[in-house]
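# What the coordinates show
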Amino acid sequence: MTEQLAHAILFSAGIALLSWRARFLTPGGALTQFILGSILLGLGGWEWTVPMVAFFLSSSIFSHLWKNRRAEAESSFEKSSRRDAAQVVANGGIAGVATLLWFFTHDESLFALYLGAVAAATADTWATELGTLSKSSPVLITSLERVERGRSGAVSVLGIVASLAGAFLVSLTALPWVPSSQAVALVGAATIGGVAGSLADSLAGAVLQAQFRCMVCQRITERKLHCGSETRQVGGFRLIRNDQVNLICTLIGGVLGFWLLSVFLS
């Protein structure tokens, strides 16, 4: 265990440093990613690490591709594509907790909680990054009215397809360590949990997340400042921001994946 933890620290430090140098993470985000990676690999091993690495690398790459085409939508986002500590916790905190619980209990069913949470983070991020490339305007999940790209709670066909692909593909990365008798059930549970978590993220974004109107361009945004001036809150709760919504997403994805695996195997 001591040797595994030492290797985990070195590996996580290297990934965090490279991610910071590539501007995928802020310094605080890199430190938090280092701690999370050390927990996943040091206590859980590669089974508990590879899906998270797949999420992080794919999401970071997508965040930096097609930036010009997504510029309008990203002007409404609260944060940039360079993830900070809070974003790392929001996307990976539930997975880290699942790993710690498994380490102390050795309850193998907790892996479904972990994988569902990672699948949800992947589904949500892919839906956001790829969904904003849709040629048609998205619709608000609560009313189905057409809204501008980047609006909290907006969904599109492309985004939903991307969320399904992300949840499914990241779930597949766990298969080398999963018994063949459980493989289909686990991938199915994590994929469904991931997509459900992504949709819950959209619902929470539309209903709970603080939204503001820019008094200059009249755009609905997640930002308190837009177009160089203060915005006015027009919806949601001021204390609920994008990080809290992402945490809801991963929690629902993890819990649903955990529950569905028990149903599928019963």
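Structure's up top.
The notes below deal with the structure included here. Residue indices begin from 1 for each chain and proceed along its sequence in written order. Two thresholds apply to this predicted model, a pLDDT of at least 70 for residue-level local features and 80 or more for giving and counting side-chain atom pairs, whereas whole-chain, interface and lining totals are computed over all residues. Computation of side-chain values: all heavy atoms of the structure, hydrogens and water removed.

### Describing the packing of aromatic side chains
Only the six-membered ring of Trp is used, alongside the rings of Phe and Tyr, when aromatic pairs are assigned; centres must lie within 6.5 Å, and planes under 30 degrees apart are stacked while those over 60 apart are edge-to-face, with the rest tilted. A complete count under the given rule lists eight aromatic pairs for this structure. An angle of 80° between the planes, with centres 5.1 Å apart, marks the rings of Phe-11 and Trp-46 as edge-to-face. Here Trp-46 lies in the loop between α2 (27-44) and α3 (50-64) and Phe-11 lies in helix α1 (residues 2-21), a separation of 35 residues in the sequence. The classification of residues rests on relative accessible area computed with a 1.4 Å probe and restricted to protein chains. Under 20% of the type maximum is buried, over 50% is exposed, and intermediate values are partly exposed. Residue classification places Phe-11 among the partly exposed positions, given a relative accessible area of 31%. Trp-46 gets classed as partly exposed once you look at its relative accessible area, which sits at 43%. Both rings, one in Trp-48 and one in Phe-111, keep their centres 5.0 Å apart while their planes meet at 80°; by these two values the pair is edge-to-face. On the criterion of sequence distance, the pair formed by Trp-48 in the loop between α2 and α3 and Phe-111 in helix α6 (residues 110-131) is long-range, its members being 63 residues apart. Here Trp-48 matches Phe-111 in class, with each residue buried. Joined through ring pairs, the aromatic side chains of Trp-48, Trp-102, Phe-111 and Tyr-114 make up one cluster. Working definition: helices are DSSP H or I runs of at least four residues, strands are E runs of at least two. Numbering for both runs from the N terminus.

### Describing the environment of Thr-191
By secondary structure assignment, the location of Thr-191 is in helix α8 (residues 180-207). Sequence separation between Thr-191 and Leu-225 is 34 residues; the distance between their C-alpha atoms is 36 Å. Between two residues, a contact is recorded if the distance between any of their heavy atoms is within 4.5 Å. If sequence neighbours within four positions are ignored, Thr-191 has contacts with Leu-164, Ala-167, Phe-168 and Ser-171.

### Things to note about the packing of α6 against α8
The geometry of α6 relative to α8 is characterised by a closest axis approach of 7 Å and an angle of 45° between their N-to-C directions. The angle between α6 and α8 places the two elements in the oblique class. Pair α6 / α8 crosses with right-handed handedness. Contacts from Phe-111, Ala-112, Leu-115, Gly-116, Ala-119, Ala-120, Ala-123, Asp-124 and Ala-127 in α6 reach Leu-186, Ala-190, Gly-193, Gly-194, Val-195, Gly-197, Ser-198 and Asp-201 in α8. Lys, Arg, Asp and Glu make up the charged group, whereas Ala, Val, Leu, Ile, Met, Phe, Trp, Tyr, Cys and Pro make up the nonpolar group; the residues left over, Gly among them, are polar. Across the contact of α6 with α8, the residue classes tally to 10 nonpolar, five polar and two charged. A fitted line through C-alpha atoms serves as each axis, taken over the contacting stretch for helices, and the angle formed by two N-to-C directions is quoted from 0 to 180°. Angles below 35 degrees are treated as roughly parallel, those above 145 as roughly antiparallel, those between 65 and 115 as roughly perpendicular, and all remaining angles as oblique. Crossing handedness: left-handed means the near helix sits turned counterclockwise from the far one by under a right angle, and right-handed means the same turn made clockwise.

### Looking at unusual backbone geometry
A positive phi angle, close to 55°, is found at His-106, a residue other than glycine. By the element assignment, His-106 lies in the loop between α5 (85-105) and α6. The backbone phi angle of Gln-218 is positive, close to 70°, even though this residue is not glycine. Counting through the fold element by element, Gln-218 comes out in the loop between β3 (211-213) and β4 (220-221).

### A few points about the side chain of Ser-38
Examined against the element boundaries, Ser-38 turns out to sit in helix α2. On the accessibility criterion, Ser-38 (11% relative accessible area) is buried. For the purposes of these results, a polar contact is taken to be a pair of N or O atoms within 3.5 Å, where, inside protein, one atom must be able to donate a hydrogen and its partner to accept one; residues adjacent in sequence count only when each atom of the pair is a side-chain atom. A distance of 2.8 Å separates the side chain of Ser-38 from the backbone oxygen of Phe-34, its partner in a polar contact. Aside from chain neighbours lying at most four places away, what touches Ser-38 is Leu-5, Ala-8, Ile-9, Ser-12 and Leu-43.

### Here we look at the environment of Asp-107
Looking at the element boundaries, Asp-107 is found in the loop between α5 and α6. Within the structure, the side chain of Asp-107 is placed 2.7 Å from the side chain of Ser-109, a separation counted as a polar contact.

Limitation: the analysis is restricted to geometry and does not speak to function.
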